[in-house]
Amino acid sequence: MAMNNGVVSGKASGGGLIVSFGEMLIDFVPTVSGVSLAEAPGFLKAPGGAPANVAIAVARLGGKAAFVGKLGDDEFGHMLAGILKENGVSAEGINFDKAARTALAFVTLRADGEREFMFYRNPSADMLLTPEELNLEQIRSAKVFHYGSISLIVEPCRSAHLRAMEVAKEAGALLSYDPNLRLPLWPSAAEAREQIMSIWDKAEVIKVSDVELEFLTGSDKIDDAAAMSLWHPNLKLLLVTLGEHGCRYYTKNFHGSMEAFHVKAVDTTGAGDSFVGALLCKIVDDRSVLDDEQKLREVLKYANACGAITTTKKGAIPALPTDADVLTLLKRGA
Ligand code: ADP
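All values reported here derive from a predicted model rather than from experimental measurement.

Below, the discussion takes up the site of the ligand. Lys 207, Thr 241, Gly 243, Gly 246 and Asn 304 are the nearest of the 17 residues found near the ligand. A distance of 3.0 Å separates an oxygen atom of the ligand from a polar atom in the side chain of Thr 241. In this structure, Gly 243 approaches the ligand through a main-chain N or O atom, which is 2.8 Å from an oxygen atom. Look at the ligand: alone it shows 550 Å² of surface, and the protein chains cover 84% of it. Every element with two or more residues in the shell around the ligand is listed here: strand E12 (205-209), helix H8 (271-283) and helix H9 (293-310). Per element, the largest residue contribution to the shell around the ligand is 3 residues, and it comes from H9. The residue inventory of the shell around the ligand, partitioned by class, reads 7 nonpolar, 8 polar and 2 charged.

Structural data, given as structure tokens:
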């Protein structure tokens, strides 16, 4: 990794493939803020889905990324696949369902601060991915295999997820997990917790937010003891992101925290995905980052900068930074 005035610089990735598995969908957000879904005069399309955002985050930073999942064989499905391709993400692992539609989510933040969701997943195409449809060759070529938990909610996607993880692991990929809790999609909170934890001990890198840490541990404290209660023997790096307070990191041999960058946040959607994409770009070709605290801190500074930049613009994908954008913020400093 090149160093420049103490700043991690240069190309984000030397070429190892990062495969991101899961859902890609369209969020429909009101054209005006502070209204309920019923009151909204119109909606804007905001492509998203955490695993797809991560793939685009990687590609935009100069890394090699692929997305694996299923979209509807409809205007929106082909539009989303087009967005991945335009951003340099391999779409060879995408299947298109003839019968089910691309997932849609109508989302709003009402004036009273309550979030309202309405999902079109009855079922949507992403939920129907089968193990047989997986592009195993591509999955086997991954150096890092990244996933969330929404793909665990129903069959057959759940089996496809488990199979893809297994194949990637056998082929030597590093497994990376960001549960990305979306409670309204689960039948119950208990089911969400159980399923999220059902694959916990497989991943070598796990990132949770402060809210997810509380949810998974059942503790209302965001401290080292709560984080370490999530530790498992295969784990190499556990990250807890804290929004404007940066992040904490835990490894077998050391732990600590990294401050966030001060920015004028407009919309925090995608900050965590941007953070994860940056982290994966930096470890895909240099796993020594996981054992070397100094290197890890440089990488997390870079990842925090990516997260911060992503909050400065509306939407997730349009706000994901390039390597040059990140270097500008790193040179400016916190
Ligand atoms: P998630 O989107 O998964 O909830 P966070 O909101 O914790 O994740 O954001 C991930 C990272 O992005 C944080 O660790 C931080 O570095 C950066 N970030 C998020 N929100 C802000 C903010 N308001 N100001 C500066 N950096 C932020």
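In this section: the sheet that holds strand E5 (residues 43-48). What holds strands together in a sheet is hydrogen bonding between their backbones, with the strands either parallel or antiparallel. Here 4 strands make up an open sheet; going across it, the order is E5-E4-E8-E9 and the pairing mixed. Two strands close off the open sheet at either side, each with one partner strand: E5 and strand E9 (115-120). Pairs of neighbouring strands in the sheet enclose a mean axial angle of 25°, with direction left out of account. In terms of strand pairing, strand E4 (residues 25-30) meets E5 through 6 bridges, oriented antiparallel. Bridge assignment links Leu 25 to a residue of E5, and that residue is Gly 48.

Right, let's talk about the packing of helix H1 (residues 50-60) against H8 for a bit. Closest axis-to-axis distance for the H1/H8 pair is 8 Å, and the angle between their directions is 50°. As judged from the angle between their axes, H1 and H8 are oblique. The handedness of the crossing between H1 and H8 is right-handed. Where H1 approaches H8, its residues Ala 50, Asn 53, Val 54, Ala 57 and Val 58 are matched on the opposing element by Asp 273, Ser 274, Val 276, Gly 277, Leu 280 and Cys 281. The residue inventory of the contact of H1 with H8, partitioned by class, reads 7 nonpolar, 3 polar and 1 charged.

Turning to the layout of surface pockets, a few remarks are in order. There is about 160 Å³ of room inside the second largest pocket. Around the second largest pocket, the lining residues are Leu 162, Met 165, Glu 166, Lys 169, Leu 175, Ser 198, Ile 199, Asp 201, Lys 202 and Asn 234. No other element matches the 4 residues that helix H4 (residues 157-170) contributes to the lining of the second largest pocket. Per-class residue counts for the lining of the second largest pocket are 4 nonpolar, 2 polar and 4 charged.

So, about the packing of aromatic side chains. For the coordinates displayed, the defined rule picks out 10 aromatic pairs. Ring centres of Tyr 249 and Phe 254 lie 6.3 Å apart, and the angle between their planes is 70°; this geometry places the pair in the edge-to-face category. Overall, the relative accessible area of 12% leaves Phe 254 in the buried class. What links up through ring pairs into an aromatic cluster is the set Phe 21, Phe 145, Tyr 147, Tyr 177 and Trp 200. Taking NZ or CZ as reference, Arg 193 lies 4.4 Å from the ring centre of Phe 215, over its face.

So, on to the pattern of salt bridges. Counting across every chain of the model gives 13 salt bridges. Of the charged contacts in the structure, one is a salt bridge between Lys 70 and Asp 97, with a shortest N-O distance of 2.9 Å. Placement of the pair is Lys 70 in strand E6 (residues 64-72) and Asp 97 in strand E7 (residues 90-97), with a sequence separation of 27 residues. The residues Lys 70 and Asp 97 share a single accessibility class, namely buried. A salt bridge links Lys 207 to Asp 178, with the nearest nitrogen and oxygen atoms 3.8 Å apart.

That bond from Asn 122 to Pro 123 is cis: its omega, -5°, falls within 30 degrees of zero. Topologically, Pro 123 is positioned in the loop between E9 and helix H3 (136-140). The residue after Glu 155, namely Pro 156, is reached through a cis peptide bond having omega 5°. Mapped onto the elements, Pro 156 comes out in the loop between strand E10 (144-147) and H4. Phi is positive for Asn 180, which is not a glycine, with a value near 45°. Here Asn 180 is to be found in the loop between strand E11 (174-177) and helix H5 (189-198).

Calculation rules
Residues numbered from 1 in each chain as written. Predicted model: local features only at pLDDT ≥ 70, side-chain atom pairs only at ≥ 80, totals over all residues. Heavy atoms only, no water. Near = heavy atom within 4 Å. Polar contact = N/O pair within 3.5 Å; in protein donor to acceptor, adjacent residues only side chain to side chain. Areas by Shrake-Rupley, 256 points an atom, 1.4 Å probe, with all protein chains shown as cover. Helix = DSSP H or I, 4+ residues; strand = E, 2+ residues; numbered from the N terminus. Nonpolar A, V, L, I, M, F, W, Y, C, P; charged D, E, K, R; others polar. Pairing = 2+ DSSP bridges. Axes fitted to C-alpha atoms, helices over the stretch in contact; angles between N-to-C directions. Parallel < 35°, antiparallel > 145°, perpendicular 65-115°, else oblique. Left-handed = near helix turned anticlockwise from the far one by under 90°. Contact = heavy atoms within 4.5 Å. 1 Å grid on protein atoms, 1.4 Å probe; cavity = no way out; pocket = protein on both sides within 12 Å on 5 of 7 lines; lining within 4 Å. Points joined across faces, edges and corners; volume = space filled by probe spheres on them. Phe/Tyr/Trp six-rings, centres within 6.5 Å; stacked < 30°, edge-to-face > 60°. Buried < 20%, exposed > 50% of the residue type's maximum accessible area, 1.4 Å probe, protein only. Lys NZ or Arg CZ within 6 Å of the ring centre and 35° of its normal. Salt bridge = Lys/Arg side-chain N within 4 Å of Asp/Glu carboxyl O.

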